[in-house]
Amino acid sequence: MKKYFLLILLAGFFTLTSCSSDDDGDDDFEQNIVATWHLTAVEPPLLDFSECSTNPTITFEEDETTEWTFYNAENDCKPETDTGMWNQNTESNYTVTIPGFGSFDGTVEFQNENEFIFTSSYQTIPVVLYFEK
């Protein structure tokens, strides 16, 4: 009888401690930076988007290149493009080249599959860039 009790106890223990594939803490959406993103805000406001009706965009390519498109009021808000590089250093740490500013290491935090926040610093000033698809 003790053997059966022990087997039932062990079976109950393994049933209660089993894990499932969704126990790893991953979000339910794909966190893929490879896409075209619109820069919607910068804190502190180092860039002013209000003069043109279109926000800057960045396209992250699979080959770790980027293409930025800026809209400048001094050029009648016509698109101006420039290229750069990006690299994923760790799960959430990236290096991104921003034309005219240089390369920045920062943290990417996906809000959902259509939004992420890039946190870095510029000349020791903390900067947060907000992106949407």
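Okay, so let's go over this structure.

On to the overall build of the chain, then. Broken down by element type, the chain carries one helix and eight strands. Walking the chain from its N terminus toward its C terminus, one meets helices and strands in the order α-β-β-β-β-β-β-β-β. In the chain, which comprises 133 residues, the proportion classed as buried is 26%. Nonlocal contacts in the chain, meaning residues at least 24 apart in sequence, comprise 33% of its contacts between residues at least 6 apart.

For the structure shown, the criterion picks out one disulfide. The disulfide partner of C52 is C77, and the S-S distance across this bridge is 2.1 Å. Disulfide C52 to C77: torsion about the S-S bond roughly -85°, handedness left-handed. Taken together, the positions of C52 in the loop between β1 (36-43) and β2 (57-60) and C77 in the loop between β3 (65-71) and β4 (79-88) put the pair 25 residues apart, joining distant regions of the chain.

Conventions used here
- Residues numbered from 1 in each chain as written.
- Predicted model: local features only at pLDDT ≥ 70, side-chain atom pairs only at ≥ 80, totals over all residues.
- Heavy atoms only, no water.
- Helix = DSSP H or I, 4+ residues; strand = E, 2+ residues; numbered from the N terminus.
- Buried < 20%, exposed > 50% of the residue type's maximum accessible area, 1.4 Å probe, protein only.
- Contact = heavy atoms within 4.5 Å.
- Disulfide = S-S within 2.5 Å.

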